[in-house]
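# Understanding the architecture of this molecule
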Amino acid sequence: MRVTMIGTGYVGLVSGVCFADFGHDVVCVDKDPAKIDVLNAGGVPIYEPGLAELVAKNVKAQHLSFTTKTKSAVKNADAVFIAVGTPSRRGDGHADLSYVYAAAKEIAGLLTGYTVIVTKSTVPVGTGDEVESIIRKTRPDLKPSIDFDVVSNPEFLREGAAISDFKRPDRVVVGTNSEKARAVMRNLYRPLFINETPIVFTNRRTSELIKYAGNAFLATKITFINEMSDLCEQVGANVQEVSRGIGLDGRIGKKFLHAGPGYGGSCFPKDTLAVVRTAQEAGTPLKIIEAVVAVNDARKEKMADKVIEGVGGKIHGKTVAVLGLAFKPNTDDMRESPAISIINKLAAKGAQIRAFDPEAMDEARGQLPDIAYCANAYECIDGADALVIITEWDQFRALDFNRVKSLMVEPVLIDLRNIYNPVRMAELGFAYISVGRPQ
Ligand SMILES: NC(=O)c1ccc[n+]([C@@H]2O[C@H](COP(=O)([O-])OP(=O)(O)OC[C@H]3O[C@@H](n4cnc5c(N)ncnc54)[C@H](O)[C@@H]3O)[C@@H](O)[C@H]2O)c1
């Protein structure tokens, strides 16, 4: 099948290359010429494990190409995916749909035969209806279900594991009442039938809400265990054992029960806010999610206080080494990373920040321009009064602590991901602070 991706970011590029690897012919479009130039020169503009190799393979096989020209890419496509950004609208937290609507208008002008237009971007309930209406207004000559259908097909991939998530998803959700469009979507995802991947066919509005309900639930689970970790600290309990103790209950499940500095990333913060706004407008407030948003925001601030406490209450003039800046390991994505709030608060209180991240430093420079960036973990730690682990990259899990201790002014470790053992760290002579575990 001929597939076009409008938007070649984390989702558009990964989905595009995976559809190409399934054997479809894919054109990825982006209006950012710098991105397309990198791709056409054989590079990849983001860090995602396995992506560069898969892109190279499919370009070579002539299943995948990149362009800034929407016109040639949309002409003759069987399915055109909208995979543009839907960030929070400044000021009110609603999803900013301007990129989606602009893409819809652009696509409408270019349709030549029956085409399925698929919203892969995360969009609030009713966006598909609006996309359909934009297409009808732009092209009064076209009729829905005869010349085009608008389908919702939210994406659930996780950055850092995006390719395996796309190729072996827990489920695919497709929202449309059109049998013709369902057949196109079934053909697109046919290679997944071998793994017996469930396809949830539903109507467009339900599909749109499934994505928000999923992210809101996961954000709630993280926030639940984070609050529980605060209680553990007060009553001398161990949050990791609480997680294990409850996670083994099949009704609860083990995943998303790791206490830490609060969720960040390109999805949970904006999607929880957007669904809260949708619900408020619908007159049925989601009070649990409202609380989750507030608790998570406060938590990031609180993590900076943990660091200040670790150095004895006064951070002014102290040097803090930060390991890990990306919002999670195996990505260079800095969007809403807890590192940003923590570092900004520490710097505002007069700390000197030195940082190292294996992949995210180029991205971080835009958001944290005034800190020192180091070439590796040990250079970062050299001369520090405190070491803070914010992102649990594998390479931070087995630091040489004799070396670390010899480099630091004071052996103080604030481990916001609980990757080390408190007893062992005390034996090594560190003042060790973690999250929700007895010191
Ligand atoms: N990043 C994730 O892990 C993830 C996971 C699931 C869902 N999503 C959702 O997918 C959507 C895209 O997210 P992302 O992280 O890939 O965003 P992104 O910012 O990385 O990429 C969006 C791209 O779209 C391009 N673009 C915007 N308008 C365009 C147009 N009219 N024509 C061509 N290109 C255009 C931009 O230049 C940009 O490169 C969002 O709605 C997001 O919520 C993201």
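Before going into details, it helps to say that this report is about the structure given with it. (Residues numbered from 1 in each chain as written. Predicted model: local features only at pLDDT ≥ 70, side-chain atom pairs only at ≥ 80, totals over all residues. Heavy atoms only, no water.)

Within the protein, the regular secondary structure consists of 17 helices and 14 strands. By the compact-globule yardstick of 22 Å for 439 residues, the protein fits well, its C-alpha radius of gyration being 23 Å. Overall size of the protein, expressed as C-alpha extent along the three principal axes, is 75 × 50 × 45 Å. Of the contacts made within the protein by residues no fewer than 6 positions apart, 72% connect residues no fewer than 24 positions apart. (Helix = DSSP H or I, 4+ residues; strand = E, 2+ residues; numbered from the N terminus. Rg over C-alpha atoms; globule rule 2.2 N^0.38 Å. Contact = heavy atoms within 4.5 Å.)

Close contacts around the ligand come from 24 residues, with D30, K35, T86, E159 and K270 the closest. Contact between the ligand and Y10: an oxygen atom at 3.1 Å from a main-chain N or O atom of the residue. Here an oxygen atom of the ligand and a side-chain polar atom of K270 are 2.6 Å apart. Contact with the protein chains hides 90% of the accessible area of the ligand, taken as 840 Å² for the molecule alone. Tallied by class, residues from the shell around the ligand come to 8 nonpolar, 7 polar and 9 charged. When residues are assigned to domains, the shell around the ligand turns out to be shared by domain 1 (2-202) and domain 2 (212-293), each giving three or more. (Near = heavy atom within 4 Å. Polar contact = N/O pair within 3.5 Å; in protein donor to acceptor, adjacent residues only side chain to side chain. Areas by Shrake-Rupley, 256 points an atom, 1.4 Å probe, with all protein chains shown as cover. Nonpolar A, V, L, I, M, F, W, Y, C, P; charged D, E, K, R; others polar. Domains from an automatic or database assignment.)

What you see with strand β4 (residues 79-82) is no split at all: A79 and F81 on one side and V80 and I82 on the other are buried throughout. Strand direction decides the pairing type here: strand β1 (residues 2-6) and β4, joined by 4 bridges, are parallel. Bridge pairing links I6 to I82 in β4. Pairing geometry for β4 and strand β5 (residues 115-119), over 4 bridges, is parallel. Counterpart to I82 in the pairing with β5 is T119. As for the winding sense of the linkage, the β-α-β connection from β4 through helix α5 (residues 98-108) to β5 is right-handed. (Buried < 20%, exposed > 50% of the residue type's maximum accessible area, 1.4 Å probe, protein only. Pairing = 2+ DSSP bridges. Right-handed = clockwise from strand over helix to strand, strands pointing away.)

This part is about the pattern of salt bridges. A side chain of one charge can pair with a side chain of the opposite charge when the charged atoms of the two come close. One pass over the full model with this rule turns up 25 salt bridges. Its salt-bridge partner being D92, residue R89 comes within 2.6 Å of it at the nearest N-O pair. Relative accessible area serves as the criterion here: at 40%, R89 is assigned to the partly exposed category. In this structure, R335 engages D333 in a salt bridge whose closest nitrogen and oxygen atoms are separated by 3.0 Å. (Salt bridge = Lys/Arg side-chain N within 4 Å of Asp/Glu carboxyl O.)

Time to look at the packing of aromatic side chains. Counted by the stated rule, this structure contains 12 aromatic pairs. Aromatic pair F22 and F166: ring centres 6.2 Å apart, planes at 35 degrees, arrangement tilted. Of this pair, F22 sits in the loop between α1 (10-21) and β2 (25-29) while F166 is found in helix α7 (residues 162-167), placing the two residues 144 residues apart along the sequence. Classification of F22 by relative accessible area gives buried; the value is 18%. Ring geometry for F256 versus F268: centroids 6.3 Å apart, planes at 50 degrees, classification tilted. Here F256 is found in the loop between α10 (239-247) and α11 (268-281), whereas its partner F268 is found in helix α11, with 12 residues between them in sequence. For F256, a relative accessible area of 29% corresponds to the partly exposed category. (Phe/Tyr/Trp six-rings, centres within 6.5 Å; stacked < 30°, edge-to-face > 60°.)

Notably, S145 is not glycine yet its phi reads approximately 75 degrees, a positive angle. Topologically, S145 is positioned in the loop between α6 (127-138) and β6 (148-152). On the basis of relative accessible area, S145 is assigned to the partly exposed category, the value being 39%.

Turning our eyes to something else, we now look at the side chain of K120. For K120, the location among the structural elements is in the loop between β5 and α6. With relative accessibility at 2%, the residue K120 sits in the buried group. There is a polar contact of 3.2 Å between the side chain of K120 and the side chain of Y189. Excluding anything up to four places from it in sequence, K120 contacts V11, S15, F81, I82, N153, P154, E155, F166 and Y189.

Moving on, we come to the nonpolar core. Counting residues in each nonpolar core, the largest one holds 62 residues, and the members touching the most others are L325 and L346. Looking at this core, the element that brings in the most residues is helix α13 (residues 338-348), giving 5 residues. Once residues within four sequence positions are removed from consideration, L346 is found in contact with A304, V307, I308, I315, V320, A351 and I353. Core analysis: the second largest hydrophobic core is formed by 38 residues, F19, F22, C28 and V116 among them. (Core = buried A, V, L, I, M, F, W, Y, C linked by side-chain atoms within 4.5 Å.)

All right, on to the state of the cysteines then. Per the counting criterion, the structure on display carries 0 disulfides. No disulfide involves C28; its sulfur sits 10 Å from the nearest other cysteine sulfur, which is in C18. A relative accessible area of 0% places C28 in the buried class. (Disulfide = S-S within 2.5 Å.)

With that out of the way, let us pick up α1. Since the α-helix packs 3.6 residues into each turn, any two residues three or four apart lie on the same face. Over its 12 residues, α1 extends 17 Å from the first C-alpha to the last, a length consistent with the 16 Å expected when each residue adds 1.5 Å. Taking burial as the measure, the 12 residues of α1 include 10 buried ones, the bulk of the element. Within α1, the full set of buried residues consists of Y10, G12, L13, V14, S15, G16, V17, C18, F19 and A20. Just beyond α1, the residue with positive phi is G23, at close to 110 degrees. (Expected span 1.5 Å × (residues − 1).)

Turning our attention to the environment of L209. By the element assignment, L209 lies in helix α9 (residues 204-235). Spatially, the C-alpha atoms of L209 and P140 are 29 Å apart, while their sequence positions differ by 69 residues. Leave out the neighbours within four places in its chain, and L209 touches V125 and V275.

Attention now goes to the sheet that holds strand β11 (residues 372-373). The parallel open sheet is built from 6 strands, whose spatial order is β11-β10-β9-β12-β13-β14. Of all the strands in the sheet, just β11 and β14 (431-433) have a single pairing partner and so form its edges. Sheet analysis places strand β13 (residues 412-415) next to β14, joined by 3 bridges and oriented parallel. What sits directly across from L413, in β14, is Y432. Against the sheet, helix α12 (residues 287-310) contacts β9 (319-323), β12 (386-389), β13 and β14, and its axis sits at roughly 165 degrees relative to β13. (Axes fitted to C-alpha atoms, helices over the stretch in contact; angles between N-to-C directions.)

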